[in-house]
Amino acid sequence: MRILSGIQPSGSLHLGNYFGMMKRMVDYQENNELFCFLVNYHALTSVFDAPFLRRQTYEAACDFLALGLDPAKSVFWVQADVPEVTELTWLLSNVTGVGLLERNHSYKDKTAKGIPASQGLFSYPVLMAADILLYGAEKVPVGKDQKQHLEITRDIAIRFNNTYGDTFVIPEPDIEDELAVVPGIDGQKMSKSYGNAIEIFTDEKSLKKKVMSIKTDSTPVDQPKPIEGNPLYEIYALFLDDRGKKELKERFLTPGLKYGDVKKEILGVIWDYFEPYRNERKKLAEDRQFVVDTMREGARKARQVATVYLEKARRNVGLDYWN
Ligand code: AQP
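Because the structure is a prediction, the values reported are computed rather than measured.

A. The domain arrangement of the protein chain, seen in detail. Per the domain assignment, the segments making up the protein chain are domain 1 (2-181 + 288-317) and domain 2 (202-273). A C-alpha centroid distance of 33 Å is found between domain 1 and domain 2. Contacts between domain 1 and domain 2 engage six residues on the former and six residues on the latter. Of the roughly 500 Å² buried at the junction of domain 1 and domain 2 (both faces included), carbon and sulfur atoms supply 66%. The largest contributions to the domain 1 side of the interface with domain 2 come from Leu 15, Phe 19 and Glu 178, which together make up 74% of the buried area. Along the contact surface separating domain 1 from domain 2 lie zero salt bridges. Seen at the junction of domain 1 and domain 2, the total is one residue pair in polar contact (both at pLDDT 80 or more). Classifying every residue of the side of domain 1 that touches domain 2 gives four nonpolar, no polar and two charged.

Set out below in structure tokens:
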């Protein structure tokens, strides 16, 4: 099956990105045709600092490679290295109702948080639709925050196919309920831009500071602790199998549990979990040429698929005028 997903290089990648999308992508590469990319055109909707974006694009490439994305088993590239996606965005724009975009929650949330209400931000889902349709993706692993964007992609693809004839594969979202929304240290959705994220590759001191500030409720020590909506439980559970989760639940429900002790455990769990990846990450950061060559080769492979779909779309809308 062809599986595709992307991530914005708009800041340091965090546990929400990892469990919501990155880890699942790495797992999928074993038995599927995996397409994975860094969506830097999308990042332009909220990042206006060129050196920062440049740096983060490189950092995100190192992160993904260190976490196990294997360029020999997948196609891994940077979105702007295949600029055909912007042409497809234009073709799709003409079958995208303004009402569809006006109902987009993410646009409303982002502008409410102070991100400028630009035309780029408004049409973010059309660029995302182009990303997905340009590669014929059948399945798209994402966190729950992207559910509506996927529905918009499907609407646009269906409208295009109905207008111009069968052109695009209609993709299915792949959202895992348990990992749908990883909470940040304040209990809200963990996000790069909300200052509530626990970064994957951070130093031990910063990690400690973040973990120690995970929001807790004021349940007395001698009372059972809540599970649902408790960021401490939810973050810890990310690292556990079913049996571990069951035991953790019992500990939370047994009076006497001290949140301070749980935080120390979580710190150790996160630090140990990423230990091998940290070592790999260090090696990659010292071999820039390898990373650059890998990403260029990924873009070459991605482009081969992209041009086939773009040509088909151009033909079907009537842009093949010299033939
Ligand atoms: N908290 C989360 N829980 C589960 N999944 C999440 N994802 C992000 N946050 C969580 C998933 O990570 C993938 C990549 O996200 P993105 O970088 O393209 O954009 P985003 O969803 O907007 O991520 P952020 O961190 O929240 O970025 P900002 O703050 O820049 O908007 C997606 O599959 C997403 O669902």
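B. Quick peek at helix H9 (residues 147-164). With 18 residues, H9 ought to run about 26 Å at 1.5 Å a step, and its terminal C-alpha atoms sit 26 Å apart, in line with that. Every buried residue of H9 is listed here: Gln 148, His 149, Leu 150, Ile 152, Thr 153, Ile 156, Ala 157, Phe 160 and Asn 161. Once H9 ends, the next one or two residues include Gly 165, with phi positive near 95°.

C. A nonpolar patch on the surface, seen in detail. A cluster of nonpolar side chains, namely Leu 319, Tyr 321 and Trp 322, defines an oily patch on the protein surface of about 420 Å² accessible area. Tyr 321 gets classed as exposed once you look at its relative accessible area, which sits at 52%.

D. Representation of the pairing of strand S3 (residues 74-78) in the model. Burial of S3 is extensive: five of the five residues sit out of reach of the surface. By the alternation rule, side chains of S3 split into Ser 74, Phe 76 and Val 78 and Val 75 and Trp 77, which are all buried.

E. Inspection of the site of the ligand at higher detail. Taken together, 23 residues form the shell around the ligand, and within it His 14, Asp 145, Ser 191, Lys 192 and Ser 193 come nearest. A distance of 3.3 Å separates a nitrogen atom of the ligand from a polar backbone atom of Gly 16. Protein contacts shield 96% of the accessible area of the ligand, which totals 640 Å² for the unbound molecule. Judged by the proximity of its atoms to the pocket grid, the ligand belongs to the largest pocket. Put simply, the parts of the chain that give the shell around the ligand at least two residues each are strand S1 (2-7) and helix H1 (15-28). For the shell around the ligand, the element with the most residues is H1, which contributes four residues.

Here is what the cut-offs are and how they apply
Residues numbered from 1 in each chain as written. Predicted model: local features only at pLDDT ≥ 70, side-chain atom pairs only at ≥ 80, totals over all residues. Heavy atoms only, no water. Domains from an automatic or database assignment. Contact = heavy atoms within 4.5 Å. Buried area = accessible area lost by both parts, 1.4 Å probe. Salt bridge = Lys/Arg side-chain N within 4 Å of Asp/Glu carboxyl O. Polar contact = N/O pair within 3.5 Å; in protein donor to acceptor, adjacent residues only side chain to side chain. Nonpolar A, V, L, I, M, F, W, Y, C, P; charged D, E, K, R; others polar. Helix = DSSP H or I, 4+ residues; strand = E, 2+ residues; numbered from the N terminus. Expected span 1.5 Å × (residues − 1). Buried < 20%, exposed > 50% of the residue type's maximum accessible area, 1.4 Å probe, protein only. Patch = residues over 30% accessible without salt bridge, like charges linked within 9 Å, V, L, I, M, F, W, Y side chains within 5 Å. Areas by Shrake-Rupley, 256 points an atom, 1.4 Å probe, with all protein chains shown as cover. Near = heavy atom within 4 Å. 1 Å grid on protein atoms, 1.4 Å probe; cavity = no way out; pocket = protein on both sides within 12 Å on 5 of 7 lines; lining within 4 Å. Sits in = over half its atoms within 2 Å of the grid points.

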